[in-house]
Amino acid sequence: VVLNFWQSSCIPCRTEHPYLLDAFRTYGRQVAFVGVSYEDTVSGARTFLQNYGGTWPTLRDPDDITAINYGVYGIPETFFIDRSGVIRYKSTGPVTRRVLNTEIQTILRGHA
Amino acid sequence: VRRQLGWIAIVWLVLLCAVAVLTYGGRTSRQSLDARTQAVASGFRCLVCQGESVAESPSGFARNVRALIRRQLKDGRSPDQIRSYLVSRYTESILLEPPASGLGNLAWLAPPLLLLGGLGLLATLVYDWRRRGRDTAVSGRRAAYLARVRADLAAEGE
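Residues numbered from 1 in each chain as written. Chains lettered and ligands numbered in written order. Predicted model: local features only at pLDDT ≥ 70, side-chain atom pairs only at ≥ 80, totals over all residues. Heavy atoms only, no water.

Undergrad: Can you break down the overall build of chain B residue by residue, with the values?
TA: A tally of regular secondary structure across chain B gives 6 helices and 0 strands. Within the span of chain B, comprising 158 residues, buried residues form 18% of the whole. When the accessible area of chain B is evaluated, it comes to approximately 12,200 Å², of which 62% is carbon and sulfur surface. (Helix = DSSP H or I, 4+ residues; strand = E, 2+ residues; numbered from the N terminus. Buried < 20%, exposed > 50% of the residue type's maximum accessible area, 1.4 Å probe, protein only. Areas by Shrake-Rupley, 256 points an atom, 1.4 Å probe, with all protein chains shown as cover.)

See below:
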């Protein structure tokens, strides 16, 4: 699972978005992509996804319960979770193409 | 007069301790949920702010952590349980006060140890001054006179 916390008004989220789209195109069938809209309005999040693309499920997080549970304090943050549900990597700030590729491949290989 | 001053100092210290216990020790669960939320929240650092606690900050992060604390208190969780939950999510960096373990111990133990050391030093010095005062008081002519008095008394006794 690639779990991405983001907000439509956050500039770094816009920076990382093309890389997420690329990664989704490459790995979307093997890895579940989930976005969590962090302290955002529904309309803001919808407009962002309409403008920039992204067809993976995006969830609302009332009261930041999920975000707090993941220890999120600034966005964007991206978590790479393996098959057994263990967070293998946490990326703070805009996620890069290299991190996406490396970490997705790591969780796909499984951990020896 | 000096002894009276000593008593006044002791009474003063006891009064201070009593006030401290009444102020900080008497916090019961009778307080309102809001007050308890605020009290628990003031122990956490607002991670997205500069030197503000979760209780003070108007940021979204602090607001939501406050809401979480409030919900958990309402569900009957203790402040300690909430603390360990938030530490498990955000590490100890979310605590405003250093933890009483590991290196954090140093921050807690240093002040009382320094105070004890200071008191010890003061006690030693006072003891030393008093002894020296006594020594000088019975030196010289006075000592010779005292010796003569003692000798005379001894002679009288025979």
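Undergrad: Explain the sheet that holds strand β3 (residues 58–60) of chain A to me, and be specific about the residues and the numbers.
TA: Residues and elements named next belong to chain A. As summarised here, the arrangement of the 5 strands in space is β3-β2-β1-β4-β5, forming an open sheet in which the pairing is mixed. At either margin of the open sheet sits one strand with a lone partner, and together these are β3 and β5 (87–92). Strand-to-strand twist of the sheet, defined as the mean angle between neighbouring strand axes without regard to direction, takes the value 20°. Its contacts with the sheet put helix α1 (residues 11–27) on β1 (2–6), β2 (33–37) and β4 (77–81), and the angle it makes with β2 is roughly 155°. Helix α2 (residues 42–52) contacts β1, β2 and β3 of the sheet and is inclined by roughly 120° relative to β1. (Pairing = 2+ DSSP bridges. Axes fitted to C-alpha atoms, helices over the stretch in contact; angles between N-to-C directions. Contact = heavy atoms within 4.5 Å.)

Undergrad: Tell me about unusual backbone geometry, and name the residues and values.
TA: All names here are of chain A. Pro 76 follows Ile 75 through a cis peptide bond whose omega is -5°. Turning to its location among the elements, Pro 76 is positioned in the loop between α3 (65–69) and β4. Here the phi dihedral of Asp 64 falls at roughly 60°; this positive angle occurs in a residue that is not glycine. Mapped onto the fold, Asp 64 is located in the loop between β3 and α3.

Undergrad: Describe the interface of chain A and chain B, with residues and values.
TA: The interface is formed by 11 residues belonging to chain A together with 12 residues belonging to chain B. In total, about 970 Å² of surface goes out of reach between chain A and chain B, with carbon and sulfur atoms giving 54% of it. Among the residues of chain A in contact with chain B, Ile68(A), Asn69(A) and Tyr73(A) are the three that bury the most area, contributing 55% of the side total. At the junction of chain A with chain B, the criterion picks out 1 salt bridge. (Buried area = accessible area lost by both parts, 1.4 Å probe. Salt bridge = Lys/Arg side-chain N within 4 Å of Asp/Glu carboxyl O.)

Undergrad: How would you sum up the state of the cysteines? Please name residues and give values.
TA: All names here are of chain A. Using the criterion set out here, one finds 2 disulfides over all chains in the structure. Two residues share a disulfide in this structure: Cys 10 and Cys 13, whose sulfurs sit 2.0 Å from each other. Classification of the bridge connecting Cys 10 and Cys 13 rests on its S-S torsion, roughly 95°, and on that basis the disulfide is right-handed. One exposure class covers both Cys 10 and Cys 13, and it is buried. (Disulfide = S-S within 2.5 Å.)

Undergrad: Any details on the pairing of β2(A)? Residues and values, ideally.
TA: Residues and elements named next belong to chain A. β2 sits mainly inside the fold: 5 of its 5 residues count as buried. Across the two faces of β2 the burial is the same, with Phe 33, Gly 35 and Ser 37 and Val 34 and Val 36 all buried. Sheet analysis places β1 next to β2, joined by 5 bridges and oriented parallel. Within the sheet, the bridge partner assigned to Phe 5 lies in β2 and is Val 36. Between the parallel elements β1 and β2, the chain passes through α1 in a crossover that is right-handed. The pairing of β2 with β3 spans 3 bridges and is parallel. Within the sheet, the bridge partner assigned to Ser 37 lies in β3 and is Arg 60. With α2 bridging β2 and its parallel neighbour β3, the resulting β-α-β unit is right-handed. (Right-handed = clockwise from strand over helix to strand, strands pointing away.)

Undergrad: Mind laying out the packing of α1(A) against helix α4 (residues 97–109) of chain A, listing which residues take part and the relevant values?
TA: Residue and element names in this part refer to chain A. Put simply, α1 and α4 touch, their axes get as near as 9 Å, and they point 30° apart. One way to sum up the angle between α1 and α4 is to call them roughly parallel. For the pair α1 and α4, the sense of crossing is right-handed. Residues Tyr 19, Leu 20, Asp 22, Ala 23 and Tyr 27 of α1 form the contact with α4, whose participating residues are Arg 97, Leu 100, Asn 101, Ile 104, Gln 105 and Leu 108. Classifying every residue of the contact of α1 with α4 gives 7 nonpolar, 2 polar and 2 charged. (Parallel < 35°, antiparallel > 145°, perpendicular 65-115°, else oblique. Left-handed = near helix turned anticlockwise from the far one by under 90°. Nonpolar A, V, L, I, M, F, W, Y, C, P; charged D, E, K, R; others polar.)

Undergrad: Just give me the short version of the environment of Arg70(B), but keep the residues and values in it.
TA: Residue and element names in this part refer to chain B. Its location among the elements puts Arg 70 in helix α3 (residues 60–74). Sequence-wise, Arg 70 and Asp 34 are 36 residues apart; in three dimensions their C-alpha atoms are separated by 7.4 Å. Among the polar contacts listed, one links the side chain of Arg 70 to the side chain of Asp 34, at a separation of 2.2 Å. (Polar contact = N/O pair within 3.5 Å; in protein donor to acceptor, adjacent residues only side chain to side chain.)

Undergrad: Quick one: what's the story with the pattern of salt bridges, residue by residue and with numbers?
TA: A full pass over the atoms with the stated rule returns 8 salt bridges over all chains. Where Arg71(B) meets Asp63(A), a salt bridge forms, and the shortest distance between an N and an O atom there is 3.3 Å. One end of the pair, Arg71(B), is in helix α3; the other, Asp63(A), is in the loop between β3 and α3, on a second chain. Arg71(B) gets classed as partly exposed once you look at its relative accessible area, which sits at 30%. On the accessibility criterion, Asp63(A) (38% relative accessible area) is partly exposed.

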